[in-house]
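Remarks on the overall topology
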Amino acid sequence: MNRRSVFILGGLAALSACTGAVAPPQLGADGRPLPRVYRIDATNQNQIPFRVLDSVNSLRAARGAPPMQLNAQLTAAAATHSRDMAVQNRPWHFGSDGSSPLVRVQRTGYTGTLLGELISETFETELETLAAWSAQADTRDIILDPAARNLGFAWFQEPNGKIWWTYVAGT
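Everything in this summary refers to the structure shown in the same document. (Residues numbered from 1 in each chain as written. Predicted model: local features only at pLDDT ≥ 70, side-chain atom pairs only at ≥ 80, totals over all residues. Heavy atoms only, no water.)

What follows is about the packing of helix α5 (residues 126–135) against helix α6 (residues 137–144). Contact geometry for α5 and α6: axes closest at 5 Å, N-to-C directions at 110°. Judged by the angle between their axes, α5 and α6 are roughly perpendicular. For the pair formed by α5 and α6, the contact residues are Leu130, Trp133, Ser134 and Ala135 on the first element and Ala137, Thr139, Arg140 and Ile143 on the second. Of the residues contributing to the contact of α5 with α6, the split by class is five nonpolar, two polar and one charged. (Axes fitted to C-alpha atoms, helices over the stretch in contact; angles between N-to-C directions. Helix = DSSP H or I, 4+ residues; strand = E, 2+ residues; numbered from the N terminus. Parallel < 35°, antiparallel > 145°, perpendicular 65-115°, else oblique. Contact = heavy atoms within 4.5 Å. Nonpolar A, V, L, I, M, F, W, Y, C, P; charged D, E, K, R; others polar.)

Printed below as a string of structure tokens:
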């Protein structure tokens, strides 16, 4: 009798551990899952630029484009703009001081040619954001530009979880 009780209690404990572990995604009016807030913690902070770089280089390799490398100056320009978009509370390519992407890149001392800047305001991950950029022809062209060799990538996350992403590509 004791063995049966132990097996039954053990089985019930195992089953109870499985219930409620993952809630089904909430669906929007279009039937698609609503995005969940993605919180960037200290561990992810260091990994995010490399995940983006690896993903971008995979996309580029599939198209025969040369790989890119992270560039500190372009990343600095991207970080400045991400924070500035949050301050302005709007995703656009001009800074609160009227600066363009070209001016922001020049301010960092970058000597290459700016090829493009991608921006996003979202609660989604960097890879979901990259996928959204890749789905649109005009933004995908910036990611896959064969002349691109340098990449800057940064973000600013507000306390409510909203993330302002900025991607900068240069020669």
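From this point, things continue past the structure.
Across the eight residues of strand β3 (residues 150–157), seven count as buried, placing the element largely inside the fold. As defined by bridge partners, strand β1 (residues 69–70) adjoins β3 across two bridges and the pair is classed as parallel. Each bridged residue has a counterpart across the sheet, and for leucine 70 the counterpart in β3 is leucine 151. Strand direction decides the pairing type here: β3 and strand β4 (residues 163–170), joined by eight bridges, are antiparallel. Within β4, the residue paired with tryptophan 155 across the bridge is tryptophan 165. Linkage of β3 to β4, two consecutive antiparallel strands, is achieved through a turn of five residues, within which glycine 161 is found at a positive phi near 105°. (Buried < 20%, exposed > 50% of the residue type's maximum accessible area, 1.4 Å probe, protein only. Pairing = 2+ DSSP bridges.)

When you line up the elements, leucine 70 lands in strand β1. A C-alpha to C-alpha distance of 5.8 Å links leucine 70 and asparagine 150, two positions 80 residues apart in sequence. Aside from chain neighbours lying at most four places away, what touches leucine 70 is Pro49, Phe50, Leu53 and Leu151.

To continue, consider helix α3 (residues 72–88). Because each turn of an α-helix spans 3.6 residues, side chains separated by three or four positions in sequence point in the same direction. When the terminal C-alpha atoms of α3 are compared, their 24 Å separation across 17 residues agrees well with the 24 Å that a helix rising 1.5 Å per residue should span. For α3, every residue scored as buried is listed here: Leu74, Ala77, Ala78, His81, Ser82, Asp84, Met85, Ala86 and Gln88. Elements that come into contact with the buried residues of α3 comprise α4 (101–107), β2 (114–122), β3 and β4. N-cap assignment for α3: the residue whose side-chain oxygen lies 2.9 Å from the backbone N of glutamine 73 is asparagine 71. A positive backbone phi angle near 55° is found at asparagine 89, which sits one or two residues after α3. (Expected span 1.5 Å × (residues − 1). Polar contact = N/O pair within 3.5 Å; in protein donor to acceptor, adjacent residues only side chain to side chain.)

As a further point, take the side chain of asparagine 44. One can find asparagine 44 in helix α2 (residues 42–62). Here asparagine 44 falls in the buried class, since its relative accessible area comes to 16%. For asparagine 44, the residues in contact, after removing those within four places along its chain, are Tyr38, Arg39 and Arg51.

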